[in-house]
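Listed here are the chains, written in short residue letters.
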Amino acid sequence: METTSFASFMREDRGRVLSALIARAGGDFQMAEDALSSALEQVLREGTPPHASLGAWVHGVAKHRLVDAQRRARMMDRHHAALASSEPDEGYELVDAEAVGDERLRLLFTCCHPALAREAQVALALRTLGGLSTEEVARAFLVSGPTMAARLGRAKEKIRAAKIPYVVPEPGDLPERLDAVLQVIYLIFNEGYACTRGEMLHRRDLCAEARRLGELTVALLPDSPDPKALLALMLLIDARRDARSDESGRELIALEQQDRTRWSRDDIRAGDALLREALELGPPSTWAIEAAIQAVHGHATSYAETDFAQIAALYASLLERCDTPVVRLNAAVAQGRARGAEVGLEALSAIEGDLGQTHMYWAARAELLRQLGRPEAKAAYARAIELAGNDAERRFLERRAAG
Amino acid sequence: MEYMLLIQASERRFATLGQKEMGANMEAYGTFTKELFQSGRAGDCAALEPTKSATTVRVRNDQRSVSDGPYAETREQLGGYYVVKVETPDEAYAIAAKIPDATGGAIEVRPVRNMVTPEQGSAAKSHAPVGKKAADATKEYLLLICEDEANWAKMTPAEAGKIMAEYNAFSAEIKTSGHFVAGAQLGPAAAGKAVRVKNGARSVTDGPYAETREQLGGYYRVWARDLDEAIALAARIPAARTGCVEVRPLMDTSAYV
């Protein structure tokens, strides 16, 4: 078998086939995954018949494996032993991908069910929909393979034992549940964009996975504004990927110093279009406002010419919807840009109680103090460096402090 | 009088048991349960799935919040329960000491203040007092009501009466809808005892069993279609607004009893 078609199956069709198998297995993730991997093994060994598409053939073989496994499970259950013999043998068949329908939306909502811990939601989404191997998911979150395997195993066991339904939520629950899905996707994106741990500054693979999941959500829920706004937000931020670090990929370059010719115009255009579509579908959500803020940056020809008054106004409306310390920090920085560093510092002082133990707070404070030529800037940088968790952030702050 | 015997045992220890030991343990529970029913002193009883399948539900400002895991991280976890009908507290302690996990774990014995029973005339054919089951219900859940007992002490009689009326209305409604299996309101945690058996000798110590901010105040055992429906039921219990409700799926033990 050609390795290219196999790789493309793993990226393009695996999630679709797996979600259909989970539906058929009555929501049993493990049974479906086992059937799929055993089918893949067989197809790799034996190849596909002529004229059969790889995806359809793998799906057909996996379905057969699943029926076998279900039969075995029933045989083991002494209460159902009598039923086992009455199941017809279906034999291999080609599965028409179109006829199966898209089960991935159910899978997405099940992975992001609030009865699962957030870290399990993220891991399950990457494993089942993103098609990452357990090892890859483990590497993404810097934990060992066995630890991640155990985490995924617990999540799947909970889905089975507690009977977390394999369904798209009722319309009444949809807003709350959709928000959990979007949060998970954005968490994956953020972990890629600003790694919280380790040496690497940026993990493009995670950002790319988050974008794929975002695109999937948009495709599955075309009439909902929030998935579009989230995808717009991710595209507008990710447009800067080639400009925000140096060639080694290890040193951070601030927005101020970035070479804007290296920003992806395609991503900015696509982000703009998605944001417009989202705003046409409903009132602006927090996702849309955050995307709009990034769009203002995306349209500025230089840092100096950025419309900071507009950004400050957008942050003010974001604050009305979600008043969190981090939003207040960003709003204070924008105020500092729009109305002078003194105003920014004053706004910042109000949140020291909440964020005084984070490097973000001290870095923002140091920048404003430096703009005012105040000597306390040095101590603020030192505090920020001390609190930074990521090596690249730390070196970046050291350069700012020195420069 | 009725007592609820709560089986508190270390899940970690349980997980290390081999298949043979596990089977022997289940058989021991099966035998104990059969004898208890034959003696006519058994009420509702159930085994629970481990706490890793637990979900905790809270309602604050009309917003429901659902989180993974049990409401309290404790050394020993609730693995199941028996409600027994006895003449004296000593009889309840004697029964508790015969529960297999009294050796190795502990049995928390709590007085039942008020047993919620199925409507008259419904078929209580087995140990599980099953009422009219909703057509699409496929799984049983235990909804554990956890709240700070001090909340009740702070209420005026009129306020407490209003909450009790809410509980009664909820009970009546889930009986009609076919979700209700059983339920109980417990006496204060401080009135509880812990029964343990060590080297064949029984010890009974004064409660409360665990020092947690919120205490188990009662339970509903319900039929539901899936976890989402169980969560929706849990969110309607008054204590979800002031404390929390832990949702635990029941283990299928039909092969042993």
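None of these values were measured; they are calculated from a predicted model.

1. Looking at the nonpolar core
Working step 1: Core analysis: the biggest nonpolar cluster contains 173 residues, and A:Leu21, B:Leu5, B:Ala96, B:Leu143, B:Val222, B:Ala234 and B:Val245 have the highest contact counts within it.
Working step 2: At 9 residues, the largest contribution of residues to this core is made by helix 12 (residues 225-238) of chain A.
Working step 3: A domain split of this core shows at least three residues from each of domain 1 (3-100) and domain 2 (315-403) of chain A.
Working step 4: Not counting the four nearest positions on each side in its chain, B:Val222 is found in contact with B:Glu140, B:Tyr141, B:Leu143, B:Ile174, B:His179, B:Phe180, B:Val181, B:Ala230 and B:Leu233.

2. Quick look at the interface of chain A and chain B
Working step 1: Taken together, the contacts link 13 residues of chain A with 12 residues of chain B.
Working step 2: Tallied by class, residues from the side of chain A that touches chain B come to 8 nonpolar, no polar and 5 charged.

3. Section: the environment of B:Leu78
Working step 1: Here B:Leu78 is to be found in strand 5 (residues 77-85).
Working step 2: On the basis of neighbour counts, which here come to 24 C-beta atoms within 10 Å, the residue B:Leu78 falls in the buried class.

4. Quick look at the environment of B:Lys154
Working step 1: Position of B:Lys154 among the secondary structure elements: in helix 4 (residues 150-154).
Working step 2: For B:Lys154 and B:Tyr141, which are 13 residues apart along the polypeptide, the C-alpha to C-alpha distance reads 31 Å.

5. Thoughts on the confidence of the model for chain A
All names here are of chain A.
Working step 1: Put simply, chain A has an average pLDDT of 86, and 90% of its residues get 70 or more.
Working step 2: Contacts from residues 79-91, a stretch scored under 50 in pLDDT, to residues over four places away or in other chains number 9 contacts.
Working step 3: Note on residues 97-101: pLDDT under 50 across the span, and 5 contacts to partners over four residues away in sequence or across chains.

6. Details of the pairing of strand 9 (residues 193-198) of chain B
All names here are of chain B.
Working step 1: Pairing between strand 6 (residues 106-116) and strand 9: 3 bridges, direction antiparallel. Across the sheet, isoleucine 107 pairs through a bridge with valine 195, a residue of strand 9.
Working step 2: Bridge analysis of strand 9 against strand 10 (residues 201-206) gives 6 bridges, and the strand direction is antiparallel. Along strand 10, the bridge assignment pairs lysine 198 with alanine 201.
Working step 3: Counted between consecutive antiparallel strands, the loop separating strand 9 from strand 10 contains 2 residues, among which asparagine 199 sits at a positive phi close to 50 degrees.

7. Some details on helix 7 (residues 118-129) of chain A
At 3.6 residues per turn, the α-helix brings residues three or four places apart onto the same side.
Residues and elements named next belong to chain A.
Working step 1: Under the 1.5 Å per step criterion, the end-to-end length of helix 7 is 16 Å for 12 residues, consistent within 8% with the ideal 16 Å.
Working step 2: Summarising burial for helix 7: 10 of the 12 residues are buried, a large majority.
Working step 3: Here helix 7 has its buried residues at Ala120, Gln121, Val122, Ala123, Leu124, Ala125, Leu126, Arg127, Thr128 and Leu129.
Working step 4: Remark: glycine 131 follows helix 7 within two positions and exhibits a positive phi of approximately 75 degrees.

Reading the values: the criteria
Residues numbered from 1 in each chain as written. Chains lettered and ligands numbered in written order. Predicted model: local features only at pLDDT ≥ 70, side-chain atom pairs only at ≥ 80, totals over all residues. Core = buried A, V, L, I, M, F, W, Y, C linked by C-beta atoms within 7 Å. Buried ≥ 20, exposed ≤ 12 C-beta atoms within 10 Å, placed from the backbone. Helix = DSSP H or I, 4+ residues; strand = E, 2+ residues; numbered from the N terminus. Domains from an automatic or database assignment. Contact = placed C-beta atoms within 7 Å. Nonpolar A, V, L, I, M, F, W, Y, C, P; charged D, E, K, R; others polar. pLDDT = per-residue confidence, 0-100. Pairing = 2+ DSSP bridges. Expected span 1.5 Å × (residues − 1).

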